[in-house]
Amino acid sequence: MTLRPLYARLDGAHIEETPFRADDGLRLGLTRVRPGVREDRPAVLLLHGHTASSDMFLLPETRNMVEVLLDEGYEPWLLDWRGSCRLPWNETGRRYTYDDVALYDIPAAVRHIRREIGGRPLFAVAHCIGALSLSMSMAAGLVPGLAGVVAQGVFLTPKLAGRTSLKMTMAGELLRSRFDHIPVDFRKVGFWSRYTPLFALASRGADCPDPTCQILCNSAWGVGASLYVHDNLHDTTHDRLAQLLGPAPLWILPHLRRVALARSMVRWHQNDDRYRALPENALDHADRIDCPVLLISGSENGMWLDSQKLCHQVLTARQPQLDVRYTEIPGYGHLDAFIGRGAALDVFGHILEFLDEHR
């Protein structure tokens, strides 16, 4: 299997793709970005959301997260876990749950990075399902000793709108018998495809004429949520949405529904001894979190609503010994907190302030 090349332009930096496998043997992607002159720097592991990829941190049309980290004296590491659209597993590969990401992908990446960087500090900056899965890894005690964690959009307490939960249930029951996944690129499926009715439904009430934008911004793969504030995107980013976000597998929905109903990151595999290292409910083991945590979210998050505010309230009440903070970004949705054209000015400063405090 060959990973799709990263689409990046970083002046003076070296991008090193590392041959890397998860603890269950699955081929993943791990990329190290070094500055032009080698020096010892704190490392930052970047975790994308489901169906996205490391490309979301490397947009050449904007000042991106990797550029900012390099300029501020950090060494970025990017993990393409098994939900990456640079990998085939969402569409043609073996099925998995977020248990696999928390148990096999993230801990293996952390161990590999630590072998390479020695005793230097290691932070994690995680988005969406990457952050949810990281919360499970942390609650299981599988990634101890991180210098700090930034979780964007959602962390331990996922909260979906009622209509989103309902549509997710309907999609799971009505569509999974016919489809394995929901595509996002209408140009690939064509007008006479069996997916055309899904794109038609996503277009209802949409302001943007682009079918990919409609199914992402107006519908979030058919579940009735919104992944970003449309006006926050650069025109080039908007035109690349089908590259930045891949098809969503429908077989993952049962785990996502269970997580949403529990309002907590919960384990899917209840009777499989391979997953006993993971707690049944991550929130019940939040006392294992041993580093500062910054929770950030856009004020207009149309996917996870005020999950991060809820998480801050719950952790402050239940685990007062934890250093947990919450920052809300006015005018931002979900994904645009990283890929928005103004994210470097409006969002990244909060992340860097937190990292600098704990480096």
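K.L.:
Help me understand the packing of aromatic side chains, please; the structure alone is not making it clear to me.
P.N.:
Two measures describe an aromatic ring pair: the distance that separates the ring centres and the angle between the ring planes. Under the defined criterion, the tally for this structure stands at five aromatic pairs. Three or more aromatic residues link up through ring pairs in this structure, and these residues are Phe-57, Phe-338 and Phe-348. If you follow Arg-359 out to its NZ or CZ, it ends over the ring of Tyr-74, 4.4 Å from the centre.

K.L.:
Explain the packing of helix H2 (residues 98-117) against helix H3 (residues 129-139) to me, please; I cannot follow it from the model alone.
P.N.:
Helix-helix packing is described using two parameters, namely the angle between the two axes and the distance between the axes. Relative orientation of the contacting elements H2 and H3 amounts to 75°, with a least axis distance of 8 Å. Comparing the axis directions of H2 and H3 gives the class roughly perpendicular. Judged by residue contacts, Tyr-98, Val-101, Ala-102, Ile-106 and Pro-107 of H2 engage Ile-129, Gly-130, Ser-133, Leu-134, Met-136 and Ser-137 from H3. When its residues are assigned to classes, the contact of H2 with H3 shows eight nonpolar, three polar and no charged.

K.L.:
It is not clear to me how the side chain of Ser-133 should be interpreted in this structure. Could you clarify?
P.N.:
With respect to the helices, strands and loops of the structure, Ser-133 is situated in helix H3. Using a relative accessible area of 0% as the deciding quantity, one classes Ser-133 as buried.

K.L.:
When you look at the sheet that holds strand E4 (residues 75-80) in this model, what are you seeing that I'm missing?
P.N.:
Backbone-to-backbone hydrogen bonds pair the strands of a sheet. The strands run either parallel or antiparallel. What the eight strands build is an open sheet, ordered E1-E2-E4-E3-E5-E6-E9-E10; its pairing is mixed. The sheet is open, and its two borders are formed by strand E1 (14-21) and strand E10 (324-329), each paired with just one other strand. Taking the axes of each pair of neighbouring strands and ignoring which way they run, one obtains an average angle of 20° across the sheet. Contacts from H3 reach strand E3 (43-47), strand E5 (122-127) and strand E6 (148-152), with the element oriented near 135° to E5. Contacts from helix H11 (residues 307-318) reach E6, strand E9 (293-298) and E10 within the one sheet, and its direction differs from that of E10 by about 160°.

K.L.:
Looking at this structure, how should I read unusual backbone geometry?
P.N.:
Negative phi values dominate among residues other than glycine, just as trans dominates among peptide bonds. Located in the positive-phi region is Thr-51, a residue other than glycine, with phi close to 70°. The phi dihedral of Cys-128 falls on the positive side, at around 55°, and the residue is not glycine. Relative to the assigned elements, Cys-128 resides in the loop between E5 and H3. Residue Cys-128 is classed as buried on the basis of its relative accessible area of 10%.

K.L.:
How should I be thinking about the environment of Gly-340 in this particular structure?
P.N.:
When you line up the elements, Gly-340 lands in the loop between helix H12 (336-339) and helix H13 (343-346). Residues Gly-340 and Val-154 lie 186 residues apart in sequence; the distance between their C-alpha atoms is 18 Å. If near-sequence neighbours (up to four positions away) are discounted, Gly-340 is found in contact with Thr-62, Asn-232 and Leu-233.

K.L.:
Got a minute to help me understand the pairing of E4 in this structure?
P.N.:
The side chains of a regular strand alternate, first on one face of the sheet and then on the other. Of all six residues that make up E4, six are buried, and the element is covered over most of its length. In E4, alternate side chains face the same way, and those of Glu-75, Trp-77 and Leu-79 on one face and Pro-76, Leu-78 and Asp-80 on the other are all buried. Both E3 and E4 contribute to a ladder of five bridges, which runs parallel. The residue of E4 that forms the bridge with Ala-43 is Glu-75. Between E3 and its parallel partner E4, the chain crosses via helix H1 (residues 65-71), and the hand of that crossover is right-handed.

K.L.:
How should the environment of Asp-185 be read in this particular structure?
P.N.:
Counting through the fold element by element, Asp-185 comes out in the loop between strand E7 (181-182) and helix H5 (186-189). When its relative accessible area of 11% is taken as the criterion, Asp-185 is described as buried. Residues Asp-185 and Gly-73, 112 residues apart in the sequence, show an inter-C-alpha distance of 37 Å. Aside from chain neighbours lying at most four places away, what touches Asp-185 is Phe-199, Thr-212 and Ala-242. Among the polar contacts made by the side chain of Asp-185, one reaches the side chain of Arg-187 at a distance of 3.0 Å.

K.L.:
Please explain helix H10 (residues 253-262) as it appears in this structure.
P.N.:
One turn of the α-helix equals 3.6 residues, which is why residues spaced by three or four share an orientation. The buried fraction of H10 amounts to seven of the 10 residues, a majority that puts the element mostly inside the structure. All buried positions along H10 are accounted for by Leu-253, Pro-254, His-255, Leu-256, Arg-257, Val-259 and Ala-260. At the exit of H10 stands Arg-263, carrying a positive phi of roughly 55°.

K.L.:
Hey, could you run me through the environment of Pro-60 in this one?
P.N.:
Within the secondary structure layout, Pro-60 lies in the loop between E3 and H1. Sequence-wise, Pro-60 and Asp-105 are 45 residues apart; in three dimensions their C-alpha atoms are separated by 27 Å.

Here is what the cut-offs are and how they apply
- Residues numbered from 1 in each chain as written.
- Predicted model: local features only at pLDDT ≥ 70, side-chain atom pairs only at ≥ 80, totals over all residues.
- Heavy atoms only, no water.
- Phe/Tyr/Trp six-rings, centres within 6.5 Å; stacked < 30°, edge-to-face > 60°.
- Lys NZ or Arg CZ within 6 Å of the ring centre and 35° of its normal.
- Axes fitted to C-alpha atoms, helices over the stretch in contact; angles between N-to-C directions.
- Helix = DSSP H or I, 4+ residues; strand = E, 2+ residues; numbered from the N terminus.
- Parallel < 35°, antiparallel > 145°, perpendicular 65-115°, else oblique.
- Contact = heavy atoms within 4.5 Å.
- Nonpolar A, V, L, I, M, F, W, Y, C, P; charged D, E, K, R; others polar.
- Buried < 20%, exposed > 50% of the residue type's maximum accessible area, 1.4 Å probe, protein only.
- Pairing = 2+ DSSP bridges.
- Right-handed = clockwise from strand over helix to strand, strands pointing away.
- Polar contact = N/O pair within 3.5 Å; in protein donor to acceptor, adjacent residues only side chain to side chain.

Nothing here speaks to function; it is geometry throughout.
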